[in-house]
Amino acid sequence: MIQLPEKFLQRMQQRLGDRYPAFLASYKRPPLKGLRVNPLKLTAEEFAALAPFPLGERVAWEKTAFYITEEKPGGDVCHFAGLYYLQEPSAMCAAPLLGAEAGERVLDLCAAPGGKTSQLAAAMRGEGILISNEIDFGRAKVLSQNVERMGIPNCAVVSASPETLSARFPGFFDKILVDAPCSGEGMFKKEPNAIPEWSEENVARCAVRQSGILDEAAKMLRGGGKLVYSTCTFSEEEDEWQIEAFLRRHPEFSLRSMHKLYPHEVRGEGHFAALLEKEEGESCAARPFRIQKNAAAERAFCGFAEEFFVEPPRTEGRIHTLADGRMYLVPDGMPELNVRLLRLGVELGEWDGKNFKPAHALAMAFGTLAKKKISLSREEAKTYLRGETLTCDGESGWVAVCVDGFPLGLGKASGGILKNHYPKGLRLRQ
Ligand code: SAM
């Protein structure tokens, strides 16, 4: 069994009383792992029919998720196709509590690596505005890659402090998720490196940081809006007492529900989530995003889309073209952001003044609608993911390279050869 900090154990014993032995015994079982199917691409039933490894029981609080025991589920080609996201099962409880819906303005304030962002996106069915923020730029890059892999069309990935965002977006969001940085007591099994980091002082420091983040989130919520606060820790300072203190500072909020998932009571490693609601009041508009139009670039994209897709995505008034020719499909209702931006809706591709070159993100978001598809076996798919060239039949031009009908990326066919356009930074190592 892993060695846990003595002081942590004492605190847990004090808190849990006669439930403590069961809590301690939970550390004897291996960490529970979960897989959440991506409903933007397929249903849980469809995934179960093609799953490359055995799926266990469903996770009770997330209808598209299964327990798994597979050793390396991230290495399968279906993962590269964005068919699922790997997430600790109890961590799946927070995002559904927010009840995000299609068409809403939603902020995920502490979002990397993107587990809960992808859950929110699924609930929104790709419609509305999802702003996913991560303060740490390196982690924001991973978040951005996951948003691309999952094919999320309505998300802007940004990297800013909560203070910067609250100055831009007062009273703007319908729903906000604060999955706060915490002392990670529920992660000790999955990430034993977190154990030596633990101390009572660190718990206190986390609590101070969390209350600051919550205060900024409160400013950004519209009247009548909802806020979910969650952590993967057990300390009351960061959980129940954090909520009590927030409600004292913000009488305009009320607590709707609070959930503490302990590893000896549910099948998960532990999580805390509270749903808060702001009293009715104002909802503030933000300046709309200024689309930069380029008629020639748009014509080139539309020509490509007519040929490439069975049904091209809806683009009227939504194509934003930068001076360097990069083109984006901006979600309806996107506000002006004016913060460090890593991803804006779906990157469509690049226009060099003569030719249009489609982007990987286009294939991941809309590639299932491609009429030009090449289907690879799992072995061939690994060859493609390593960036190697493949042979192919059929006409020349851009194709969606698929496994089980789901795009992994793009290729360009010519003279029986499929030139590999899988992004270099994402390629499988040998
Ligand atoms: N929601 C993520 C998911 O489901 O994949 C996990 C988020 S993790 C628990 C908390 C995140 O908050 C970290 O990525 C961390 O970098 C970020 N963070 C750290 N300090 C922060 C701060 N002062 N304000 C906002 N976010 C912060």
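Below is a short write-up of the structure.

The terminal C-alpha atoms of helix α7 (residues 137-149), which comprises 13 residues, lie 18 Å apart, in line with the 18 Å expected from a rise of 1.5 Å per residue. All of the buried residues along α7 are Ala140, Leu143, Ser144, Asn146, Val147, Glu148 and Arg149. For α7, the N-terminal capping position is held by Asp136, with its side-chain oxygen 3.0 Å away from the main-chain nitrogen of Gly138. Remark: Gly151 follows α7 within two positions and exhibits a positive phi of approximately 70 degrees.

Quick look at the packing of aromatic side chains now. Enumeration over the complete set of coordinates arrives at 21 aromatic pairs. With a centroid separation of 5.4 Å and 25 degrees between ring planes, the pair formed by Phe234 and Tyr262 is classed as stacked. Taken together, the positions of Phe234 in the loop between β8 (221-231) and α11 (240-249) and Tyr262 in the loop between β9 (253-261) and β10 (271-278) put the pair 28 residues apart, joining distant regions of the chain. Both rings, one in Phe308 and one in Phe309, keep their centres 5.0 Å apart while their planes meet at 90 degrees; by these two values the pair is edge-to-face. Since its relative accessible area comes to 3%, Phe308 is described here as buried. Phe309 gets classed as buried once you look at its relative accessible area, which sits at 1%.

What follows deals with the site of the ligand. Around the ligand lies a shell of 16 residues, among which Ala112, Gly115, Glu134, Arg139 and Asp179 are the nearest. The backbone of Cys110 places a nitrogen or oxygen atom 3.0 Å from a nitrogen atom of the ligand. Here Asp179 contributes a side-chain N or O atom positioned 2.7 Å from a nitrogen atom of the ligand. With the chains in place, 82% of the 600 Å² that the ligand exposes on its own is no longer accessible. Taken together, the residues of the shell around the ligand sort by class into nine nonpolar, two polar and five charged.

Moving on, we come to the layout of surface pockets. In this model, the second largest pocket occupies a volume close to 840 Å³. Considering the residues around the second largest pocket, the lining is formed by 36 residues, among which Leu40, Ala122, Arg125, Gly126 and Glu127 are closest to the centre. Its residues assigned to classes, the lining of the second largest pocket comprises 18 nonpolar, nine polar and nine charged.

Here is what the cut-offs are and how they apply
Residues numbered from 1 in each chain as written. Predicted model: local features only at pLDDT ≥ 70, side-chain atom pairs only at ≥ 80, totals over all residues. Heavy atoms only, no water. Helix = DSSP H or I, 4+ residues; strand = E, 2+ residues; numbered from the N terminus. Expected span 1.5 Å × (residues − 1). Buried < 20%, exposed > 50% of the residue type's maximum accessible area, 1.4 Å probe, protein only. Polar contact = N/O pair within 3.5 Å; in protein donor to acceptor, adjacent residues only side chain to side chain. Phe/Tyr/Trp six-rings, centres within 6.5 Å; stacked < 30°, edge-to-face > 60°. Near = heavy atom within 4 Å. Areas by Shrake-Rupley, 256 points an atom, 1.4 Å probe, with all protein chains shown as cover. Nonpolar A, V, L, I, M, F, W, Y, C, P; charged D, E, K, R; others polar. 1 Å grid on protein atoms, 1.4 Å probe; cavity = no way out; pocket = protein on both sides within 12 Å on 5 of 7 lines; lining within 4 Å. Points joined across faces, edges and corners; volume = space filled by probe spheres on them.

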